[in-house]
Amino acid sequence: MLKGKHIVLGITGGIAAYKSVTLLRLLVKRGAEVQVVITPSGKEFITPVTLSALSGKPVICDFFTANTGEWHSHVDIGLWADAMVIAPATACTIGKMAHGIADNMLVTTYLSAKAPVFVAPAMDLDMMAHPSTTANLALLRSYGNHIIEPAEGELASHLTGRGRMEEPERIVEVLDEFFSRKQPLAGKKVLVTAGPTYERIDPVRFIGNFSTGKMGYAIADAAARMGAEVTLVSGPVSVKASEKGVTTEHVESAREMLASCQKAWPETDIAIMCAAVADYAPANPSGTKIKREGNEPPQITLVKNPDIAATLGAEKRPGQILVGFALETDSEESNAVKKLHSKNLDMIVLNSLRDPQAGFGTDTNKITIFRQGAEPLRFPVKSKREVAVDILDEIIKLH
Ligand code: PMT
């Protein structure tokens, strides 16, 4: 389950840091890609050289590399992660995490992480039993973090009690179990469309729209993280899928997108039509550039493009799930419901251009989900990454 997973391993300054080396080795052995982020005091206990040799990546400690000035973006690392594991987590770092004291790279990365966070405390028994540690761990739990409880045993102080960091083998098991539960789409084939389509007027001009692909790519990546084998049919965009489980097919026009979708559809379990497909295309695109000379602007006759979602809807067999999007500017809900029925969809995701944080190009979206014979589900503004998970969670309930 850890194969291909992006794990941020946070190491803080405690004797148990020596166990992080084994943890790192085990994660890499299981096929995970590991980025180590270490606190300045962590470096007192274990050297970055060892950690970077084992992870195959430079170890990050500071906000930027002193000699090159290269900036390390805690936001990018936080977004890259499928999970963040802080092992060992000292009382100091646990306190900083609980209260948002972002004075080092590790805590800023934690505050930026969208992925699940696992905390493996390691400290002396009195520190572990102190009410402030108990309260800080309770706060971390209330934020949704997973605490990997420390074990009882001999401690660095030579005292015996509760505070030993859990063994690396057990931490790996905890992660493995977590990801097995988080793979509800394992064995499923998911088709996603994303981006705009371009309909050529001539070799240099086209009819298109403002879709950037962000929403569709977020869905494709989220489905892959949930274990699906994803085919992403994408119009021209500059974003890229980041998950290994996503195979991207690049197309330009609605007709090309239809052909790719029809090829994939018979083998597909779930299709999510997020692309902003042009409804019309020039009837007779010119093979050469239309020149400006002459007084009259050219008249471009348009023809209707095929409706990809409706075509798949007409060919849908029992067991297949087809999900559409509705991008509206007015009469949003009634238009979305009409599309749900006319395209034979199981679910439609409405986003409105009247919501400033929704629709084209934004990193956020605000959606309402309509399903056949059920009440609409309204969601607040969230990042497109979170919206993608919400949509997939609702699809999984249909299955
Ligand atoms: O890419 P981003 O910048 O992140 O923006 C995301 C988005 C706004 C493009 C996305 O969230 C979205 O709303 N996608 C659907 C846009 C759209 O074309 O909506 P529509 O209401 O016109 O189409 C309804 C459904 O039919 C959609 O699932 C669409 O993919 C599908 N369709 C439409 C026309 C057509 N010829 N073939 C289709 O399959």
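Everything here concerns the structure above.
Calculation notes
Residues numbered from 1 in each chain as written. Predicted model: local features only at pLDDT ≥ 70, side-chain atom pairs only at ≥ 80, totals over all residues. Heavy atoms only, no water. Salt bridge = Lys/Arg side-chain N within 4 Å of Asp/Glu carboxyl O. Helix = DSSP H or I, 4+ residues; strand = E, 2+ residues; numbered from the N terminus. Buried < 20%, exposed > 50% of the residue type's maximum accessible area, 1.4 Å probe, protein only. Core = buried A, V, L, I, M, F, W, Y, C linked by side-chain atoms within 4.5 Å. Contact = heavy atoms within 4.5 Å. Pairing = 2+ DSSP bridges. Axes fitted to C-alpha atoms, helices over the stretch in contact; angles between N-to-C directions. Near = heavy atom within 4 Å. Polar contact = N/O pair within 3.5 Å; in protein donor to acceptor, adjacent residues only side chain to side chain. Areas by Shrake-Rupley, 256 points an atom, 1.4 Å probe, with all protein chains shown as cover. 1 Å grid on protein atoms, 1.4 Å probe; cavity = no way out; pocket = protein on both sides within 12 Å on 5 of 7 lines; lining within 4 Å. Sits in = over half its atoms within 2 Å of the grid points. Nonpolar A, V, L, I, M, F, W, Y, C, P; charged D, E, K, R; others polar.

Asks: I would appreciate a short explanation of the pattern of salt bridges in the present structure.
Replies: When their charged atoms lie close together, side chains carrying opposite charge are able to pair. Evaluation of the coordinates by the stated rule reveals 20 salt bridges. Residue glutamate 167 is joined to lysine 19 by a salt bridge in which the shortest nitrogen-to-oxygen separation is 3.2 Å. Taken as a pair, glutamate 167 in the loop between strand E7 (160–164) and helix H8 (168–181) and lysine 19 in helix H1 (residues 17–29) lie far apart in primary sequence, 148 residues in all. A relative accessible area of 6% means that lysine 19 is categorised as buried. Look at the salt bridges and you will find they share partners, linking Lys19, Arg164 and Glu167 into a network.

Asks: Please clarify how the nonpolar core should be interpreted in this entry.
Replies: The nonpolar side chains of soluble globular proteins are, as a tendency, buried together. Among the nonpolar cores identified, the biggest contains 33 residues, and Ile219, Val230, Ile272, Ile391 and Ile395 are the most heavily contacted of them. Breaking this core down by element, the ones donating at least two residues are strand E8 (189–194), helix H9 (214–225), strand E11 (229–234), strand E13 (270–273), strand E16 (321–328), strand E17 (347–352) and helix H13 (384–398). Among the elements that make up this core, the one with the highest residue count is H9 (eight residues). With residues near it in sequence (within four places) discarded, isoleucine 272 still touches Val190, Leu191, Val192, Thr193, Ile219, Val323, Phe325, Leu392 and Ile395. Judged by nonpolar contacts, the second largest core, of 32 residues, contains Ile7, Leu27, Ile38 and Met165.

Asks: I keep staring at the sheet that holds strand E19 (residues 368–371) and nothing clicks. Help me out?
Replies: Strand-to-strand pairing in sheets goes through backbone hydrogen bonds, with the strands running parallel or antiparallel. One open sheet accounts for eight strands, arranged E12-E11-E8-E13-E16-E17-E19-E20; its pairing is mixed. Every other strand in the sheet has two partners, leaving strand E12 (246–250) and strand E20 (377–378) as the edge strands with one partner each. Here six bridges tie E16 to E17, and the two strands are oriented parallel to one another. Looking at the pairing, glutamate 328 lines up with serine 352 of E17. Of the strands in this sheet, E8, E11 and E12 touch helix H10 (residues 254–264), which is tilted by about 175 degrees from E8.

Asks: Mind showing me how you'd approach the site of the ligand here?
Replies: Contacts to the ligand come from 28 residues, most closely from Ser211, Thr212, Ala275, Lys339 and Asn351. Backbone polar atom of leucine 327 to an oxygen atom of the ligand: 3.1 Å apart, as the coordinates give it. Against a free-state accessible area of 770 Å², the protein chains account for coverage of 96% of the ligand. Given that more than half its atoms are within 2 Å of the pocket grid, the ligand belongs to the largest pocket. Of all the secondary-structure elements, those providing two or more residues to the shell around the ligand are H9, helix H11 (308–314) and E16. If you tally residues by element for the shell around the ligand, the top one is E16, at five residues. Of the residues in the shell around the ligand, the class split is 13 nonpolar, eight polar and seven charged.

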